[in-house]
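Fold and contact review
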Amino acid sequence: MIKLTSKAEFINFATNNLTLHCQHWYINCDENTIKNDAEVKTIFLLHGWMDCSASWQLVIDYLQQNNSNKNNKKYHFIAFDWRGFGLSKWFNTTYAFVDNLADLDAIVHYFFPQDNTQKINIVGHSMGGFIATLYAGLRPQKVGKFITLEGFGLAPSSPEVLPTNFERWLSIKNYGNEVSPKFHQHNSKADFMQWLIHKNSRLTLERAEFLTEHLAIKNDNNKYVFNADAFHKNAIPPTRFHLEDAKVLWKKVEAEVLWVLAKNSWVYDDFFHRRENGKEDYKNRMQHFKKINEILVENSSHMLHYDQPEKIAELIQNFF
């Protein structure tokens, strides 16, 4: 496969004491010509929880290959590590989901100031996909199209879970001495790679090796752990996920939406097998978007861009 080299950039937001690591890929264009070329499609790539921006390389390689063989579409892809992931800044304290929305807004504004009328496009996976759905409702004038790869929001929960949630949250806060969570440790990168393959049997050895280089980091004990702030494991809020709140924003979305579900994922299983009203919930969520198409990807787990990067590249090429 072709390995299209990315260009790294670190963006500092001094007032928020935040640094975000970005990667850029250019297909049939370059950084010197994109500003004056209306044919260039800018697409932001948003990774999911416990992932990083580099994993999009698997999809980018197929896009580069397809564009070399079939057409001359021009793309500028911008992927960044969410705060506390990969090479972006780690805060070593509990993270709030809403900060991700603010960070995306800051990144978009950085590259496209408010007086710029150009609409952006987004591809988001899981957490990143759900953030895309909310952002498109918060900034309907800014988002032209987006793909959400199993980023449909959490399952609704009842008020009865609140006591348990708050007890867990208070125990984590530990009277002001927040408990530091731990990741599972691996003795070597090879062990980490085998763990990835064990978690996802569809992951090829080549892809697992590439992902390990970006997802594994050596800790103070000379063990390999996830390249992310472990405090993300404390990020479950004591309050409930309110699906109705998300639906209010979804109704405001003007963008075209591609809603992508994986046939062999836990998300599919949750909607279509585990929950009594799951099928109705699934269809109802889609109905809140004005312009939406659904795609079901066969032979893929939740990590669609790991399992079927060639299919995701094809969807991106056809949609944008």
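Structure first, text after, so check above.
Quick look at the structure, then. (Residues numbered from 1 in each chain as written. Predicted model: local features only at pLDDT ≥ 70, side-chain atom pairs only at ≥ 80, totals over all residues. Heavy atoms only, no water.)

Quick look at the packing of helix α2 (residues 97-111) against helix α3 (residues 127-138) now. Where α2 meets α3, the axes come as close as 10 Å, and the angle between the chain directions of the two elements is 65 degrees. Taken as axis vectors, α2 and α3 run roughly perpendicular relative to one another. Handedness of the crossing formed by α2 with α3: right-handed. Between α2, through F97, N100, L101, L104, D105 and V108, and α3, the contact on the second element is made entirely by M127, F130, I131, L134, Y135 and L138. Classifying every residue of the contact of α2 with α3 by side-chain character gives 10 nonpolar, one polar and one charged. (Axes fitted to C-alpha atoms, helices over the stretch in contact; angles between N-to-C directions. Helix = DSSP H or I, 4+ residues; strand = E, 2+ residues; numbered from the N terminus. Parallel < 35°, antiparallel > 145°, perpendicular 65-115°, else oblique. Left-handed = near helix turned anticlockwise from the far one by under 90°. Contact = heavy atoms within 4.5 Å. Nonpolar A, V, L, I, M, F, W, Y, C, P; charged D, E, K, R; others polar.)

Ranked by size, the top nonpolar core spans 64 residues in total, and within it F44, I122 and F146 carry the most contacts. When residues in this core are grouped by element, the largest group, seven residues, is from α3. Residues in contact with F44, not counting those within four places in the same chain, are I78, I107, V108, F111, F112, I120, N121, I122 and V123. Formed by 27 residues, the second largest nonpolar core is a distinct cluster that contains I60, Y62, A79 and V123. (Core = buried A, V, L, I, M, F, W, Y, C linked by side-chain atoms within 4.5 Å. Buried < 20%, exposed > 50% of the residue type's maximum accessible area, 1.4 Å probe, protein only.)

Attention shifts here to the pattern of salt bridges. On inspection of all chains with the given rule, the structure shows 18 salt bridges. Its salt-bridge partner being D281, residue R285 comes within 2.8 Å of it at the nearest N-O pair. In this pair, R285 and D281 both sit in helix α9 (residues 278-286), four residues apart, roughly one turn of the helix. Owing to a relative accessible area of 0%, R285 belongs among the buried residues under this scheme. (Salt bridge = Lys/Arg side-chain N within 4 Å of Asp/Glu carboxyl O.)

Turning our attention to the packing of aromatic side chains. A full pass over the atoms with the stated rule returns 25 aromatic pairs. Between the aromatic rings of F152 and Y282, the centroid separation amounts to 6.0 Å while the plane-to-plane angle is 75 degrees, which identifies the pairing as edge-to-face. Taken together, the positions of F152 in the loop between β6 (143-149) and α4 (162-173) and Y282 in helix α9 put the pair 130 residues apart, joining distant regions of the chain. Each of the two residues, F152 as well as Y282, counts as buried. An aromatic cluster is built from F97, F130, F146, F152, W250, W259, Y268, F271, F272, Y282 and F289, whose rings are joined through pairwise contacts. Its end group placed over the ring of F319, K145 keeps NZ or CZ at 5.0 Å from the ring centre. (Phe/Tyr/Trp six-rings, centres within 6.5 Å; stacked < 30°, edge-to-face > 60°. Lys NZ or Arg CZ within 6 Å of the ring centre and 35° of its normal.)

Taking 1.5 Å as the rise per residue, α4 with 12 residues should run 16 Å; its terminal C-alpha atoms sit 16 Å apart, in good agreement. One or two residues past the end of α4 sits N174, with phi positive at roughly 50 degrees. (Expected span 1.5 Å × (residues − 1).)

With a phi close to 60 degrees, N28 is a non-glycine residue in the positive phi region. Locating N28 in the fold gives a position in the loop between β2 (18-27) and β3 (40-46). Its relative accessible area of 38% is what places N28 among the partly exposed residues. Despite not being glycine, N299 shows a phi value in the positive range, around 55 degrees. Residue placement: N299 occurs in the loop between β10 (291-297) and α10 (304-307). Residue N299 is classed as partly exposed on the basis of its relative accessible area of 46%.

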